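Listed here are the chains, written in short residue letters.
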Amino acid sequence: MIDLPDGIQRREFDGRQRLATRGQPVYGEPTDGEWRCWDAGRSKLGAMLEQGMPVGLTDGASVLYLGAASGTTVSHVADVAGPTYAVEFAPRPMRDLLDVAEARENLFPLLKDARKPETYSHVVESELDLLVQDVATRGQASVAVDNARFLADDGRLLLAIKARSEDVTADPEAVFERVCEDLTEAYEIIDRQRLEPYHDDHLGVVARKR
Amino acid sequence: MTDATDGWFAGRAPDDTGELRAAIRTGAADAPADWPTAAVDAGFAADTDDYYARLKTATIDAAREAVAEREGADDQQLLHAVRAMDDASRTANELTERCTEWAATQFDDVASGVEGARQLADREPADPVKERVVALATRIDDLASEADELRGFIERLAPEVAPNLAEMAGPVLAARLISLAGGLDSLAKKPSGTIQVLGAEDALFAHLAGRGSSPKHGIIYTHPYVNGTRPEDRGSAARALAGKLAIAARIDHYSGDFRPTIHDELDDRMATIRARADDEAADNAEGSQ
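Cut-offs applied
Residues numbered from 1 in each chain as written. Chains lettered and ligands numbered in written order. Predicted model: local features only at pLDDT ≥ 70, side-chain atom pairs only at ≥ 80, totals over all residues. Helix = DSSP H or I, 4+ residues; strand = E, 2+ residues; numbered from the N terminus. Buried ≥ 20, exposed ≤ 12 C-beta atoms within 10 Å, placed from the backbone. Contact = placed C-beta atoms within 7 Å. Pairing = 2+ DSSP bridges. Right-handed = clockwise from strand over helix to strand, strands pointing away. Nonpolar A, V, L, I, M, F, W, Y, C, P; charged D, E, K, R; others polar. Axes fitted to C-alpha atoms, helices over the stretch in contact; angles between N-to-C directions. pLDDT = per-residue confidence, 0-100. Core = buried A, V, L, I, M, F, W, Y, C linked by C-beta atoms within 7 Å. Expected span 1.5 Å × (residues − 1).

**Some remarks on the overall build of chain A**
Thinking step 1. What chain A contains, in helices and strands, is six helices and 11 strands.
Thinking step 2. Put simply, chain A has 210 residues, and 53% of those count as buried.
Thinking step 3. Counting contacts in chain A only where the partners sit at least 6 residues apart, residues at least 24 apart contribute 56% of the total.

What follows is the structure, encoded as structure tokens:
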């Protein structure tokens, strides 16, 4: 099992050891004092942590999160990390994300299109430690490649590839293979694992910027 | 290369919230930079903590304003766009009939349809009559092009307004359903049986008045899951599709996030319905042996 940063602990919820971070509850998750459970079934990054992948989420890390949706996962990231930029394109989930951001000093919501990094390059700082990407759109690899500009030289990409978003009919493994190959344009892949049983037909990828 | 003047804060006073909000929303830069340090150097913030506090206020303000703007009118814009597209293509077709009939008296080999009118628009008129015919054909070409542009606009807008409905129905059918219901919120409040026959109101009221059988499908007939299913199973297919469309509309209206599971469930249900035809074919093959 990998070492967890101080900001993440394994604690017992419903008789099981589960991940938890410290912060204001967001989505009705179980809490234990100031710790709140990080549900791997609702969060691909949580599932990657549960699988023991080397995600490199350290205390105070600087993060760009693409596809923040309602803020389920990004709330946990911001509990642990330092400055966290959360990009989401759809207005409705952004409304929930705003409540999450209000309660956190270090979470900056941006209603922007992750496929157009130039529209938020004037706000998001350079030399970031982590790029977390969970967008349900075709061309997930090119989004990751275009956003590599925000990462420091040894910065990491944490990507959850959703097979169905690329091609509904193709075999998921073939889709994963193609996306990983496209990623090598800007990244070197360190680890890749399927996210079952938490998420069907998803591949978790940890990669280092080239 | 990016320099400090590209930052969202550059040249702006820390208390000018309106300007800063606009800068976050509409600004751009080729590349990111160490904005916190640049802001402190420029005197915009006392230190990086101060910078992040200002950034938090500005990003939340900007996102809240953008959400309010985009949520307010989007489904109504989609409704207008799809009605305008239908009006433009219907008008183009009507004018095409008139134009083709007239053009046949003036030119040889006039092709029928909007394509024919488009070819006419390229001709060089030799006299005042032909000039009017070609001018009319040019208007038809413009109208048909505008209908195509509107379709492209709908294809971009519908997934934003209603991501689940657009994925399930396709962007144009999603827009038509919203248009027939009068908006996404009224579509979200309709029972699936109503969605199933939206667009078949004449047949429905004829049925309620005691004339004719009840309609099996309205506008959703244009969906491949309905028109691509054999006639004896089409009622089942339309019912299943309408049920999931009703759920998709409610998710889009009340939550707005994309839910892959409902699309998988519909695919499974359709596979079951369509398997009936294969089963029967197999039974018949066995029975005849």
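**Regarding the pairing of strand S5 (residues 63-66) of chain A**
Residues and elements named next belong to chain A.
Thinking step 1. Residues Val63 and Tyr65 of S5 are buried on one face, and the alternating residues Leu64 and Leu66, pointing to the opposite face, are buried as well.
Thinking step 2. Relative to strand S6 (residues 84-88), S5 runs parallel, the two being bridged by four bridges. By the bridge assignment for S6, Leu66 is matched with Val87.
Thinking step 3. In this region the chain leaves S5, passes through helix H2 (residues 72-80) and returns to the parallel neighbour S6; the handedness of that crossover is right-handed.

**Thoughts on the interface of chain A and chain B**
Thinking step 1. Between chain A and chain B, the residue contacts involve 31 residues of the former and 32 residues of the latter.
Thinking step 2. Mapped onto the side of chain A that touches chain B, the elements with two or more residues apiece are helix H3 (91-102) and strand S7 (107-111) of chain A.
Thinking step 3. Ranked by residues supplied to the side of chain A that touches chain B, first place goes to H3(A) with eight residues.
Thinking step 4. Residues belonging to the side of chain A that touches chain B are distributed by class as follows: 16 nonpolar, six polar and nine charged.

**Points about the sheet that holds strand S2 (residues 16-22) of chain A**
Residues and elements named next belong to chain A.
Thinking step 1. The four strands lie next to each other as S1-S2-S4-S3, forming an open sheet whose pairing is antiparallel. Among the strands making up the open sheet, the edge pair consists of strand S1 (8-13) and strand S3 (31-32).
Thinking step 2. Relative to strand S4 (residues 35-37), S3 runs antiparallel, the two being bridged by two bridges. Paired with Asp32 across the bridge in S4 is Trp35.

**A look at the sheet that holds S5(A)**
Residues and elements named next belong to chain A.
Thinking step 1. Pairing within the open sheet is mixed, and its seven strands lie in the order S7-S6-S5-S8-S9-S11-S10. Because the sheet does not close on itself, it has two edges, and the strands there are S7 and strand S10 (187-194). This sheet shows a mean twist of 15 degrees between the axes of neighbouring strands, independent of strand direction.
Thinking step 2. Here five bridges tie strand S8 (residues 128-133) to strand S9 (residues 151-162), and the two strands are oriented parallel to one another. Each bridged residue has a counterpart across the sheet, and for Leu130 the counterpart in S9 is Arg156.
Thinking step 3. The sheet contacts of H2 involve S5, S6, S7 and S8, and relative to S6 the element is tilted by about 170 degrees.
Thinking step 4. On top of the sheet, helix H6 (residues 172-183) reaches S9, S10 and strand S11 (202-209); it is set at about 160 degrees to S10, its chief contact.

**Focus: the confidence of the model for chain B**
Residues and elements named next belong to chain B.
Thinking step 1. Averaged over chain B, the pLDDT score is 91; the fraction of residues at 70 or greater is 97%.
Thinking step 2. For chain B, per-element mean pLDDT is lowest for helix H13 (residues 260-287), which scores 86, and highest for helix H7 (residues 171-181), which scores 96.
Thinking step 3. Scored by ipTM, the complex comes to 0.93, with pTM at 0.65.

**Quick notes on the nonpolar core**
Thinking step 1. Ranked by internal contacts, the top residues of the largest apolar core, which has 85 residues, are Val63(A), Tyr65(A) and Ala86(A).
Thinking step 2. In terms of residue count, the dominant contributor to this core is helix H3 (residues 48-104) of chain B (seven residues).
Thinking step 3. Tyr65(A) has contacts with Val74(A), Val77(A), Thr84(A), Tyr85(A), Ala86(A), Val87(A) and Val132(A), leaving out every residue within four places of it along the chain.

**Digging into helix H12 (residues 234-254) of chain B**
Three or four residues apart is the spacing at which side chains of an α-helix point the same way, because the helix has 3.6 residues per turn.
Thinking step 1. Here H12(B) is 21 residues long and its end C-alpha atoms lie 30 Å apart, about the 30 Å a rise of 1.5 Å per residue gives.
Thinking step 2. Gly256(B) sits one or two residues past H12(B) and shows a positive phi near 90 degrees.

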